[in-house]
Amino acid sequence: MKLLPLSWSFILILLITSCSSNDDSPAAATRANISGSVNLYNESTNQVDNSNMTVSVLGIMPLISAVTDAEGKFVLSNVPFGTFTLEYTKNGYGTYKKFGVVHGTNGQATALTATPSLGQVSTTSITGVTASTSANQVVLSISTNPEGSAANRRYIRYFLSTSQSVSETNYSYYSPVFISQINPFEKTILATELISAGFTSGQQVYVRAYGDSFWDNAYDSPEFNRRIFPNLNASTVPAAAFIVP
């Protein structure tokens, strides 16, 4: 049985329509939003205005950034899928970076669940550091301006190295943040603690102290292969030295 010319035309139209439908299928998404939030504090423990912190996606052009609202929330719009570093900046705050942010899992937007608490740069200057050694310990005495008190807590961090040029960027050991409520602040370091930190008995060690903030904005940097301390006050004194007991 022969098909009439009209029938062939009908079949051809069906084929063309079918192909067109396949071609019009939506392309897979390659971009989506990244959302998150921050909590902002002064150099102590008092929460302050969460707005106007800029959050930027590093490593892509053109730059994608957003500004936090009064609740500390932000939305980075239309970010290409990938793994990124986010940078948080605001005048009066130390820069904070969040590495390894994976964006676009299953082709979806990313909601950051961890909310960083970020503080202002320290206003505490170090005015004096001494170190005295006894049988099995070292006592550090650190003076600050303003002076620490129960009503005006100051925050201190120190760094140790066998190099006289010890600093926040050249160190073998860094301490946690200590709260100073008396001036001078004193910290006792046992010989066993120094040995655990990699130093040896009889070795000369140098110490330099800085004013820091309760929320220190510190982060581990794969770029420099060390911990970064953005909130330190650069006003300090030369390093003091001691011999490990």
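In case you missed it, the structure is sitting above this.
First, a word on what this report is: a plain description of the structure on this page. (Residues numbered from 1 in each chain as written. Predicted model: local features only at pLDDT ≥ 70, side-chain atom pairs only at ≥ 80, totals over all residues. Heavy atoms only, no water.)

Things to note about the overall build of the chain
Using the following cut-off: Secondary structure elements follow DSSP: runs of H or I of four or more residues count as helices, runs of E of two or more count as strands, with numbering from the N terminus. Note on classification: 1.4 Å probe, protein chains only; a residue is buried when its accessible area is under 20% of the maximum for its type, exposed when over 50%, partly exposed between these limits. Accessible surface is estimated by sampling points in the Shrake-Rupley manner with a 1.4 Å probe; for residues, cover comes only from the protein chains shown.
Counting its secondary structure elements, the chain contains two helices and 19 strands. For the chain, the residues scored as buried account for 40% of the 245 residues in total. On the chain, roughly 13,200 Å² of surface is accessible, and the fraction owed to carbon and sulfur atoms is 53%.

Comments concerning the sheet that holds strand β4 (residues 64–67)
To keep things clear, this is the line we draw: Pairs of strands are assigned from DSSP output, requiring at least two bridges between the strands. All axes are obtained by fitting lines to C-alpha atoms, using only the stretch in contact for helices, and the reported angles, taken between N-to-C directions, cover 0 to 180 degrees.
The sheet built from four strands is open, its strands ordered β4-β3-β6-β7 with antiparallel pairing. The open sheet is flanked by β4 and β7 (96–103), the only strands paired with a single partner. Strand-to-strand twist of the sheet, defined as the mean angle between neighbouring strand axes without regard to direction, takes the value 25 degrees. With four bridges joining them, strand β3 (residues 54–58) and β4 adopt antiparallel strand pairing.

Structural notes on the sheet that holds strand β1 (residues 31–37)
An order of β5-β1-β8 is seen for the three strands of this open sheet, with the pairing classed as mixed. Taken across any chain shown, the strands that pair with only one partner, and hence form the sheet edges, are β5 (73–80) and β8 (110–111).

Details of the nonpolar core
Just so we agree on the cut-off: Put simply, a nonpolar core is a bunch of buried Ala, Val, Leu, Ile, Met, Phe, Trp, Tyr and Cys residues held in one set by side-chain atoms that sit within 4.5 Å of each other. Working rule for contacts: check all heavy atoms of both residues, and any pair within 4.5 Å makes them a contact.
Counting residues in hydrophobic clusters, the biggest one holds 22 residues, and the most contacted among them are Val 57, Leu 76, Leu 86 and Tyr 88. Only β3, β4, β5, β6 (82–89) and β7 provide two or more residues apiece to this core. Residues within four places of Val 57 in sequence aside, it is in contact with Leu 63, Ile 64, Leu 76, Val 79, Phe 84, Thr 85 and Leu 86. If you look at the next biggest cluster of nonpolar residues, it comprises 20 residues, including Val 138, Phe 185, Val 205 and Val 244.

Describing the pairing of β3
Each regular strand displays side chains that alternate between the two surfaces of the sheet. Once β3 ends, the chain turns through five residues before running back antiparallel as β4, passing Gly 59 with a positive phi of about 90 degrees. Two elements, β3 and β6, share five bridges in a ladder whose sense is antiparallel. Opposite Val 55, over in β6, you have Tyr 88 as the bridge partner.

Some remarks on the pattern of salt bridges
Filter applied, for reference: Salt bridge, as applied in this entry: a Lys or Arg side-chain nitrogen positioned within 4 Å of an Asp or Glu carboxyl oxygen.
The final tally for this structure, using the stated rule, is six salt bridges. Taking the shortest distance from any N to any O, the salt bridge between Lys 97 and Glu 223 comes out at 3.5 Å. Taken together, the residues Lys 97 in strand β7 and Glu 223 in the loop between β17 (219–221) and β18 (226–228) connect sequence positions 126 residues apart. As a salt-bridge pair, Arg 227 and Asp 220 come within 3.1 Å of each other at their nearest N and O atoms. Linked through salt bridges whose partners overlap, the residues forming this network are Arg 157, Asp 212 and Asp 216.

As for the pairing of β7
Where β6 lies against β7, six bridges are found, and the strand directions are antiparallel. For Gly 82, the partnering residue across the bridge sits in β7 and is His 103. In textbook terms, the turn of a hairpin is the stretch between consecutive antiparallel strands, and for β6 and β7 this stretch comprises six residues, one of which, Gly 92, has a positive phi near 95 degrees.

A word on the packing of aromatic side chains
This is how the line gets drawn: Pairing of aromatic side chains requires ring centres within 6.5 Å, counting the rings of Phe and Tyr and the six-membered ring of Trp. Pairs whose planes differ by under 30 degrees are stacked, by over 60 edge-to-face, and all others tilted.
Per the stated rule, a full pass over the model turns up 16 aromatic pairs. For the ring pair Phe 74 and Tyr 88, a centre distance of 6.1 Å and an interplane angle of 85 degrees mean the geometry is edge-to-face. Placement of the pair is Phe 74 in strand β5 and Tyr 88 in strand β6, with a sequence separation of 14 residues. Like Phe 74, the residue Tyr 88 is buried in the burial classification.

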